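One letter stands for each residue in the lines below.
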Amino acid sequence: MTLGRFLADGFVTKYGPSRVLKVCGLLILGGLLLAASLPYLITATLGFLLVGFGISSSVPICYSVAGRLGTMKASIAITIVSSISFFGFLVGPPVIGWLSELSNLRIALSLAACFGLFIAFVAGKVGKRIR
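Each chain carries its own residue numbering, running from 1 in the direction its sequence is written. Reporting in this predicted model follows two pLDDT cut-offs: at least 70 for local features of residues, and 80 or more for side-chain atom pairs to be given and counted; totals over whole chains, interfaces and linings ignore these cut-offs and use all residues. The side-chain quantities take in all heavy atoms of the structure and omit both hydrogens and water.

Taken N-terminus to C-terminus, the directions of helix H4 (residues 74-102) and helix H5 (residues 105-126) make an angle of 140°; their axes are 7 Å apart at the nearest point. Classified by the angle between their axes, H4 and H5 sit oblique to one another. Note that H4 runs across H5; the crossing there is right-handed. Taking contact as the criterion, the partners of Ile-96, Leu-99 and Ser-100 in H4 are, on H5, Leu-105, Ala-108, Leu-109, Leu-111 and Ala-112. Amino acids are sorted into nonpolar (Ala, Val, Leu, Ile, Met, Phe, Trp, Tyr, Cys and Pro), charged (Asp, Glu, Lys and Arg) and polar (every other residue, Gly among them). Here the contact of H4 with H5 is composed, by residue class, of seven nonpolar, one polar and no charged. Here an angle of 0 to 180 degrees is reported between the N-to-C directions of two axes, which are lines fitted to C-alpha atoms, with helices fitted over the stretch in contact. Helix numbers and strand numbers start at the N terminus; a helix is a DSSP run of H or I with at least 4 residues, a strand a run of E with at least 2. An angle below 35 degrees is read as roughly parallel, one above 145 as roughly antiparallel, one from 65 to 115 as roughly perpendicular, and any other as oblique. Helix crossings get a hand from a simple test, with the near helix turned counterclockwise from the far one by less than a right angle marking a left-handed crossing and a clockwise turn marking a right-handed one. The contact criterion used throughout is that any non-hydrogen atoms of two residues lie within 4.5 Å.

Expected span, for any helix, means 1.5 Å times one less than how many residues it has. Helix length check: H5, at 22 residues, gives a terminal C-alpha distance of 32 Å against a target of 32 Å (1.5 Å per residue), a fit within 8%. Only protein chains enter the area calculation, which uses a 1.4 Å probe; residues under 20% of their type maximum are buried, those over 50% are exposed, and those in between are partly exposed. Ala-108, Leu-109, Ala-112, Ala-113, Gly-116, Ala-120 and Ala-123 are the residues of H5 that are buried. Seen end-on, H5 carries its buried residues on one side only, within an arc spanning 155°. Of the residues in H5, the exposed ones pointing more than 90 degrees away from the buried face are Phe-118, Phe-121 and Lys-125. Looking at the packing, one finds that the buried side of H5 touches helix H2 (17-37), helix H3 (41-68) and H4. Our arc is simply the arc of the directions from the helix axis toward the C-beta atoms.

Listed below in structure tokens is the structure:
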């Protein structure tokens, strides 16, 4: 995660936040699908490494973009992003556990991978509004 945070600023400067968020979402998607589809030590570790890299880069970008949107005060926008983030942090693991109880961990992680796809999709739509 440290490496992701250090490298993300350079990528955002060079390619823009929208493109970097798209890549982060795809890293999250690919990493979770890799860990779920090939649950062996090396592949799962590599998959979660990709997830960590995608999340570590996307969180600061989301805070930065929220502060610069211009449609509302930066303090309110950052509070909303922070609230959503904390909600996901608290609710995500129990929901993944509950889904894995209903089916299995592979399916639960595969469904969680859809949030990476959602991030990539939303980054493309919001990209036009980012200054």
